[in-house]
Amino acid sequence: NAGVTQTPKFQVLKTGQSMTLQCAQDMNHEYMSWYRQDPGMGLRLIHYSVGAGITDQGEVPNGYNVSRSTTEDFPLRLLSAAPSQTSVYFCASSQNTGELFFGEGSRLTVL
Amino acid sequence: AQSVAQPEDQVNVAEGNPLTVKCTYSVSGNPYLFWYVQYPNRGLQFLLKYITGDNLVKGSYGFEAEFNKSQTSFHLKKPSALVSDSALYFCAVRALNDYKLSFGAGTTVTVRA
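Residues numbered from 1 in each chain as written. Chains lettered and ligands numbered in written order. Predicted model: local features only at pLDDT ≥ 70, side-chain atom pairs only at ≥ 80, totals over all residues. Heavy atoms only, no water.

Brief notes about the overall build of chain B
Logical step 1: A tally of regular secondary structure across chain B gives 0 helices and 12 strands.
Logical step 2: Listed by position from the N terminus, the elements making up chain B come as β-β-β-β-β-β-β-β-β-β-β-β.
Logical step 3: For a compact globule of 113 residues, the expected C-alpha radius of gyration is about 13 Å, and chain B comes in at 13 Å, within 12% of that figure.
Logical step 4: Seen through its C-alpha atoms, chain B measures out along the principal axes to roughly 40 × 30 × 20 Å.
Logical step 5: Out of the 113 residues belonging to chain B, those deemed buried represent 45%.
Logical step 6: Long-range pairs, those at least 24 residues apart, make up 56% of the contacts in chain B between residues at least 6 apart in sequence.
Logical step 7: When the accessible area of chain B is evaluated, it comes to approximately 5,400 Å², of which 48% is carbon and sulfur surface.
Logical step 8: Separation of charge centres in chain B, based on 10 positive and 8 negative side chains, amounts to 5 Å. (Helix = DSSP H or I, 4+ residues; strand = E, 2+ residues; numbered from the N terminus. Rg over C-alpha atoms; globule rule 2.2 N^0.38 Å. Buried < 20%, exposed > 50% of the residue type's maximum accessible area, 1.4 Å probe, protein only. Contact = heavy atoms within 4.5 Å. Areas by Shrake-Rupley, 256 points an atom, 1.4 Å probe, with all protein chains shown as cover. Lys, Arg positive; Asp, Glu negative; His and termini not counted. Charge placed at Lys NZ, Arg CZ, Asp CG, Glu CD.)

Structure, rendered in structure tokens:
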């Protein structure tokens, strides 16, 4: 089983550029979310979705945009990249309120 | 607002000794509690969870955790640590019927041979 798949695994951007991190899950999970991981800060929730067509903000949503047109896909868009967005990004999904299943992560560097 | 505190940035133990990673939480109502492990350059792997019932929860790789409602704690334990247990461990909490999961800052566990 593929589980949660994130692409790309690595990306380098210049300040002001935009990009999309892709996330897909094949477990038919209703809930999907994006986190960023920074040293000493754990994982912080960026955006989440409880089903197709429904999204909401987490604790650090500024500078990011999401959409959920299908159950399987939950892309994260960086509108105008800033050095503060240098981080490792994780997509995760779950069924109802069960445990989260995580992707392998996407390491983003903004110069 | 819900939150998790992991008071130790690092835990160092010798192989074969007991391992404990501490976690306290704050949440409105009854908590759902989770432990995850992260190996270098990998995603997070689920270890165990507490939803309801027995306060002692057993999980993967010989780990267990004890839920203590009065102390709002959910410490992770392993009776005999292995070098391969060296990793970054995260405690997480969500409220009943809420999807959002809040994580602690993480504890780096180093098990020396």
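Concerning the interface of chain B and chain A
Logical step 1: Counting from both sides, the interface comprises 21 residues of chain B and, opposite them, 21 residues of chain A.
Logical step 2: Across the chain B/chain A interface, buried area totals approximately 1,700 Å², and carbon plus sulfur atoms make up 56% of it.
Logical step 3: Counting across the chain B and chain A interface gives 2 salt bridges.
Logical step 4: The partner of Arg42 of chain B in a salt bridge is Glu104 of chain A, with the nearest N and O atoms 2.8 Å apart.
Logical step 5: Applying the counting criterion to the chain B and chain A interface returns 5 residue pairs in polar contact (both at pLDDT 80 or more).
Logical step 6: Of the residues that constitute the side of chain B that touches chain A, the class distribution is 11 nonpolar, 5 polar and 5 charged. (Buried area = accessible area lost by both parts, 1.4 Å probe. Salt bridge = Lys/Arg side-chain N within 4 Å of Asp/Glu carboxyl O. Polar contact = N/O pair within 3.5 Å; in protein donor to acceptor, adjacent residues only side chain to side chain. Nonpolar A, V, L, I, M, F, W, Y, C, P; charged D, E, K, R; others polar.)

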